[in-house]
Amino acid sequence: MGGFMKDAVKLFIITLISGLCLGAVYGMTKTTIEQQQIAAQLETYKVVYAEAANFQNNDALTEQVDDFGNVLAESGLDLGNAGIESVLEAVDGSGNVIGHMLNVYSKDGYGGTIELSVGITSEGEITGIGFLTLEETAGLGMKAKEPAFKDQFTGKNAEQLVLTKSGASADNEIDAISGATITSTAVTNAVNAALYFAHNCISQ
């Protein structure tokens, strides 16, 4: 019995030390990981909204983001499980607001949640989209990252975009990725969430 207790105490001490070491390592690396994520997001912002010199928070916009689920529900617009994560002001070199960067998502992706950034000017024109998280099927849904699909959104100025499988012919249409309708729909719904917010929740 005494030997059993000694072994139990030793195991407890080893487990405790291991846990403390893991906690210390996590504490040291957490800040670095967060900084890398922020840097990656900023790089995406610069590509999506090249004309902007910087991006800044706005408390009023943050409050509107928090209430966006209710606003969207009241609108009757069906965007599946799409929503807004955050909104930043895009400013020029003089600090003037020239548009917004909207971080949006859709939980309806084939491989899980899709997260992307959408730049929209003060006039309502999309400057581009950039993916933050995309884990779709290789050779199908992952084609959403390719210019043939994602560049269709650039320059669009509409309150809502429509997905089509027969080739985009109207200004508000987006041509779906062949064999990846689920991914195409999720991305388009996420962008439409950004458009709805820009047109209805931001005071111009």
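What counts, and where the lines are drawn
Residues numbered from 1 in each chain as written. Predicted model: local features only at pLDDT ≥ 70, side-chain atom pairs only at ≥ 80, totals over all residues. Heavy atoms only, no water. Helix = DSSP H or I, 4+ residues; strand = E, 2+ residues; numbered from the N terminus. Areas by Shrake-Rupley, 256 points an atom, 1.4 Å probe, with all protein chains shown as cover. Salt bridge = Lys/Arg side-chain N within 4 Å of Asp/Glu carboxyl O. Buried < 20%, exposed > 50% of the residue type's maximum accessible area, 1.4 Å probe, protein only. Pairing = 2+ DSSP bridges. Phe/Tyr/Trp six-rings, centres within 6.5 Å; stacked < 30°, edge-to-face > 60°. Axes fitted to C-alpha atoms, helices over the stretch in contact; angles between N-to-C directions.

### Some remarks on the overall build of the chain
Right, so step 1: The helix and strand tally for the chain stands at 5 helices and 7 strands.
Right, so step 2: Scanning the chain from its N terminus toward the C terminus, one meets helices and strands in the order α-β-α-α-β-β-β-β-α-β-β-α.
Right, so step 3: With the model as given, the accessible surface of the chain reaches about 11,500 Å², and the carbon-plus-sulfur share is 53%.

### Thoughts on the pattern of salt bridges
Right, so step 1: Considering all chains together, one arrives at 1 salt bridge under this definition.
Right, so step 2: Between K150 and D151 there is a salt bridge, with its nearest N and O atoms 3.5 Å apart.
Right, so step 3: Judged by its relative accessible area of 40%, D151 falls in the partly exposed class.

### Some thoughts on the pairing of strand β2 (residues 82-91)
Right, so step 1: Of all 10 residues in β2, 8 are buried; the element is thus mostly enclosed.
Right, so step 2: Across 3 bridges, the pairing between strand β1 (residues 54-56) and β2 is antiparallel. When the sheet's bridge partners are listed, Q56 is paired in β2 with E89.
Right, so step 3: Direction of pairing for β2 relative to strand β3 (residues 97-109): antiparallel, over a ladder of 9 bridges. Paired with E89 across the two strands is H100, which belongs to β3.
Right, so step 4: The antiparallel hairpin formed by β2 and β3 contains 5 residues in its connecting segment, where G95 sits at a positive phi of about 90°.

### Describing the environment of I202
Right, so step 1: Note on placement: I202 falls in the segment after α5 (181-200).
Right, so step 2: On the basis of relative accessible area, I202 is assigned to the buried category, the value being 9%.

### Digging into the packing of aromatic side chains
Right, so step 1: Under the definition given, this model contains 4 aromatic pairs.
Right, so step 2: Their ring planes at 55° and their centres at 6.3 Å tell us that F68 and Y196 sit as a pair that is tilted. Within this pair, whereas F68 is found in helix α3 (residues 68-75), its partner Y196 is found in helix α5, the two being separated by 128 residues in sequence. As far as the burial class goes, F68 and Y196 line up, both buried.
Right, so step 3: Aromatic rings pair up to connect F68, Y196 and F197 into one cluster.

### Description of the sheet that holds β3
Right, so step 1: Strand order in the open sheet formed by 5 strands is β1-β2-β3-β4-β5, with antiparallel pairing between adjacent strands. Of all the strands in the sheet, the pair left with one neighbour each is β1 and β5 (126-133). Adjacent strand axes in the sheet meet at a mean angle of 30° when their direction is disregarded.
Right, so step 2: Relative to β5, strand β4 (residues 112-121) is paired through 6 bridges, and the arrangement is antiparallel. Residue pairing in the sheet places G119 in a bridge with G128 of β5.

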